[in-house]
Structure formats: structure tokens, C-alpha cells
Amino acid sequence: MSAAIVTSGLTKRFGRVTAVDGLDLQVERGEIFGFLGPNGAGKTTTIRLLMDILRPTSGSVEVLGASPTQPATRACVGFLPADLHIEPRYTAREALAFLGALRGGFDEAEVRRLLERFDLDPGRPFGELSSGNRRKVGVVQALAGKPDVLILDEPTSGLDPLLQHELLSLLQERAAEGATVFLSSHVLPEVERIASRAGVLRDGRLVWVGRIHDLRARARQRIDLHLDGRADAELFRDIPGVSAVEATGNVVSVTIEGPVDGVLKQAAQLSVQRVVSHETDLEDAFLDWYR
Amino acid sequence: MIAFQRLIADRRRGGIGWGVGMVFGVASTVALWPALRDSGEIDELVQDLPASMRALIGVQEGIPLVSAPGYLQARLFSTLLPVLVLVYGIGLGARAIGGAEEDGTLELAVTAPVTRRRLALERLAASVALTLCLTVVGMLTAVAVGAAVGIFDGLSATRVCVAASAVWTLGLLHLAVAFAVGAAVGRRGPAVTAASAIAVGGYMLHGLAASAPALRGLRVLSPWWWFLDRNLLVHDPTFLAMGLPLLIALALAIGGVVSFERRDLRFP
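Because the structure is predicted, anything quoted here is derived from the model rather than measured. (Residues numbered from 1 in each chain as written. Chains lettered and ligands numbered in written order. Predicted model: local features only at pLDDT ≥ 70, side-chain atom pairs only at ≥ 80, totals over all residues. Heavy atoms only, no water.)

Enquirer: So what exactly am I meant to see when it comes to the overall build of chain A here?
Expert: Helices and strands together make up the secondary structure of chain A, namely 12 helices and 13 strands. Along the first, second and third principal axes, the C-alpha atoms of chain A reach 65 × 45 × 35 Å. Counting the 291 residues in chain A, one finds 51% classified as buried. Put simply, 69% of the contacts in chain A that link residues at least 6 apart link residues at least 24 apart. Put simply, chain A shows about 13200 Å² of open surface, and 46% of that area lies on carbon and sulfur atoms. Side chains of chain A carry 34 positive and 40 negative charges; the gap between the two charge centres is 4 Å. (Helix = DSSP H or I, 4+ residues; strand = E, 2+ residues; numbered from the N terminus. Buried < 20%, exposed > 50% of the residue type's maximum accessible area, 1.4 Å probe, protein only. Contact = heavy atoms within 4.5 Å. Areas by Shrake-Rupley, 256 points an atom, 1.4 Å probe, with all protein chains shown as cover. Lys, Arg positive; Asp, Glu negative; His and termini not counted. Charge placed at Lys NZ, Arg CZ, Asp CG, Glu CD.)

Right, here's the structure in full:
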């Protein structure tokens, strides 16, 4: 059986700007693949190439072994764009009915289940919904057809943490049922939580692709330890993986590459009042790639 | 025909507004005819106007303005009816692809399992059908009110229908320009601008050519001249008035669909 998504030498130029540059990517069926990159790295352009909104300058795209220019290919794909635009006066119900009709009809029971799960009132016009509720409409339309492949552009953006969690669980369930999930993100944690593999994009080029476990091992993170007494930076400086330590007053900030295990063990010997971990963005997490 | 039905439903409310405006405009225009017919001096007044003004208000040599065909041609078929149909058609044509791409509402439709060709054709067909509806509303109003004020003593209602069809083809031509430009560039503004420029330019050229001999050769470029050169309420329809606009509209529609199929789409 062919892979779910294959791109070979995929390149897209807009005039003199190369937005995607020789992308070779293979996403297997049934896996959750995280497509990481800061804003402007080319994630949305790649996804638009996968959805036949844009046509490659060179190279090729295959989804489920066929070209996405074929309607039959797109029939198997659920898609959530980065910015969802629906006629403001449509209610969610009308929008879902129309989008479902274009796909031969959504299973109504499935739509109802999704609406309940995301606590979305389908009777209100799209234009009156909060950005989070609009996002929910987008998620429901992408998932309602139970597609074999889900291509989601920053799916959790605009959702509150509870709904982010709900969505990520739902994606895991769908993957367990055999669906392939391709999701882009500009932050590591959500991808780290559910993806089995990830690719990292910088300036349109894939700088790394591999198992999420290996990615985690390379990621830098910063934690602040609030101590009961004066902090001493020297206690942490020689721990393996620690790349920077700074102490101000009672707080010691430690930047670590890979596991934080050693730092926590050292901290356990001190009287720690509070631990604050910072959600680092990709540029900070992967200095080597984005410097 | 899901995209077709959806677009009709989307434009229903606006379409009703246009229809109401059309009924009032046409009814009040036609209802005024008896008053004009009974005042003898209007024709002399009109003869004093410069030739370009006479052409712009649709007066034709040999057909008195106070006669039914003269009046309807000047007040309805040269001005009110085509202006309403053109403005409505240009708006629909520009939004069919250009506007819907610009505001992003087309994105989920093009990524659905529907070919771009089918999507574009259905949206074009819906726009054409809506323009037809508006024209028919105008035509039926003219026939109904015309019958009530006795305009059809010596003028057949069939002629009115033929002239209304010619208005529709003129509207289609401009709708097709707006559609084709919108489908080619994915933006509404250039589509409206191009179609309006052709509408206004053609109208001015038709009027000016009547009084400026230097421009006479150019009037063949004006779709308004194709339509207005011969009063269709008196003369038989010509290929210029009925056939040519349709052929050009067809060519533009094909060009628009082909370029929409081939290019990158630019969603916000």
C-alpha cells in the first residue's frame, strides 16, 4: 500500500521568493505527523500544495498514491485551513450541510457527536461566533466525513487549553482507527504530545525529520527554580545538558538541552518553592537550526 | 448542482431587493408614457438637443419620442433596464470567483472533491440565471404596466420581449468580463473595474460617435451601439444586438474557467 503523503523535490517559488525548497517527505498511513516550523517557514504553502490550492513549481505531491488535483483524492482528505473563511451569515449548521453536500453528505450522527464534543451551538451565524467557536466549526467540517487523511493547518490555534486537549485526544482516536494525521504547528508541545514523527521546516527547507523522541532529546527548554534562600548558579553549571544558568535573587534559570532529569535531581536537594517552565518557541528550542 | 443552488440561495435576499427596485423603476417609467404622449412639445424639445445627447437618451431618427417604441427605447431600453441589469450582472460576475477567492470563502469548496471547472461553471451559471431573473422581472413589469396604459396599441409585446432579451445579452457580456477577470486574477476590484470601464466607455463612445464624425468608425467597438443602433421595438433583431454579445461572453467564460483551472489560488 502506498504511503499517505509523499512529496518529492517539492518546490514552490513566488517570483524570486522560494517558499518551499526541494521538500522530500513521506508520511505513512495511520501515523500522526507533526509539521513544525516558525511562522513564515513555508508550512501553509506546503499544505496548500498538498490540497491543490497551489501548483508545484517543480517536484511532485501524492496523497494516498494519487495526485491531489484529482477530486477522488480530495474526497479522502479532511482539511482545516489556517484561516477559516465562511460566509458570515451562514449558521454552523448551514455551513456543515453545504460542505457535507459537496462531499456526498456527512453522517448526521457523526456531526452531532462532534458538535456535542466541542460544545458548539450550530444555530448561530458564523459571523457572530468567537474565534474559538469558528475554529470548532473548522475542526468539525474537517473531521465529520471520517476521512482517511487529515491535513490540519495549526489546528489548535485559537482554542482554549481544554479544547486543545479535546482535539488532540480526538486526533489520537482517529489515528488509532487508521486515519493519517498531518498537522502543522509553530510550537513544539502539542506536536510532542500526539505525534509519532515530525519534520522541522526552516525557510522552506526540511532541516530535520525523524521520531518525536529524538526531537525531544534535542529540544532546549528553560526552567526557573524559585528557592527558599539565595540561588547559586554554580550548583547547576556542570550538569550534563545544561547550556546556560543564571541566578538572580532566589531564582535560578536553567537552560537545558534534552532531558531535565539531572537538573531536577540536583534541585531535589534544595528547598524548591516553585518550578516555572517556559513554553519555548521553535527558534529558541532549536537554536542550531534557526540561528 | 450544489454550488449552483448554494449561490442562488446566498444571493436570494439581494436579488429580491434588486427585483423590487426593478419593478418600481420600470412600472413608474412605463406608467408615465400617457402623460408624455399627450404633450406635443417634447419632440420639438428633443430635436433641439445635440446629436450625442439624443443618442445617449436613445432617441432615433424617424421614431418620435412620444410614440410607444420611441418612449420605451429612450426611457427603458437605453437607460434604466440596461443600467440595472449591467450593474447587477457585473457585481455577480465579479463575486462568482474573484470576490469569493479574495474573501476566502471559496477555499473549502475548491478543496472538496469537486473540480475547479465544475465549481466555476456552476457559480457562473447561477450568476447568469440570476441576471436572467432580474431581466424577466423588468420585462414582465413593462408588459403588464404597458398593457394597462395602452402602450401595445400598435406595438407588439413580443417586440418588448425581444428588446429585453437583447438587454440580457448586453448584461451577460459585461457579467462575463467581470467573471473572466475575477477568475483570472482572483480579486473582485479589477473585475468590477474592467467590466465597468467597458460599460461606461462603450456608452460614452456610442453617444459621442453620433455627433463626432471622427469617432464614427470606432462606434463599432461599443456593445451599446450593437444593441441601440436599431430600435428593436421597431426593427427585427440583428446579429450585432443578440448574437455577438453572446459569442463574446461565451469566449470570455471559457477563458475565465481555463485560467481558474490552471493557476495558483490566493486565499487570505
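Having put the structure on the table, let's press on.
Enquirer: Quick question: what am I supposed to make of the environment of A:Leu10 here?
Expert: All names here are of chain A. With respect to the secondary-structure elements, Leu10 resides in strand β1 (residues 5-14). Note: C-alpha distance between Leu10 and Asp238 (228 residues apart in sequence) is 44 Å. Setting aside residues up to four positions removed in sequence, Leu10 forms contacts with Val20, Asp21, Gly22, Leu23, Leu49, Pro56, Ser58, Gly59, Ser60 and Val61.

Enquirer: Help me understand the interface of chain B and chain A, please; the structure alone is not making it clear to me.
Expert: Facing the 26 residues of chain B at the interface are 27 residues of chain A. Put simply, B:Asp264 and A:Lys12 hold a salt bridge, and the shortest N to O gap is 2.4 Å. Counting the contacts that link chain B with chain A gives 17 residue pairs in polar contact (both at pLDDT 80 or more). Mapped onto the side of chain B that touches chain A, the elements with two or more residues apiece are α1 (2-10), α7 (107-110) and α12 (239-262) of chain B. Classifying every residue of the side of chain B that touches chain A gives 11 nonpolar, four polar and 11 charged. (Salt bridge = Lys/Arg side-chain N within 4 Å of Asp/Glu carboxyl O. Polar contact = N/O pair within 3.5 Å; in protein donor to acceptor, adjacent residues only side chain to side chain. Nonpolar A, V, L, I, M, F, W, Y, C, P; charged D, E, K, R; others polar.)

Enquirer: Please clarify how the environment of A:Leu150 should be interpreted in this entry.
Expert: Residue and element names in this part refer to chain A. Tracing the backbone shows Leu150 in strand β6 (residues 149-153). Look at Leu150 and you get buried, because its relative accessible area is 0%. Along the sequence, Leu150 and Leu183 sit 33 residues apart, while their C-alpha atoms lie 7.8 Å from each other. If we ignore the near neighbours within four places in the chain, the residues touching Leu150 are Gly78, Ala142, Leu143, Leu171, Arg174, Thr180, Val181 and Phe182.

Enquirer: Just to check I follow, could you spell out the packing of helix α6 (residues 68-102) of chain B against helix α10 (residues 188-211) of chain B for this structure?
Expert: The description of two helices packed together rests on the angle between their axes and the distance between the axes. Residue and element names in this part refer to chain B. Where α6 meets α10, the axes come as close as 8 Å, and the angle between the chain directions of the two elements is 160°. In this view, α6 runs roughly antiparallel relative to α10, as classed from their interaxial angle. Between α6 and α10 lies a crossing of right-handed hand. Facing Ser78, Thr79, Leu86, Ile90, Ala94, Arg95, Gly98, Gly99 and Glu102 of α6, the residues of α10 in contact are Arg188, Gly189, Ala191, Val192, Ala195, Ser196, Ala199 and Tyr203. (Axes fitted to C-alpha atoms, helices over the stretch in contact; angles between N-to-C directions. Parallel < 35°, antiparallel > 145°, perpendicular 65-115°, else oblique. Left-handed = near helix turned anticlockwise from the far one by under 90°.)

Limitation: the analysis is restricted to geometry and does not speak to function.
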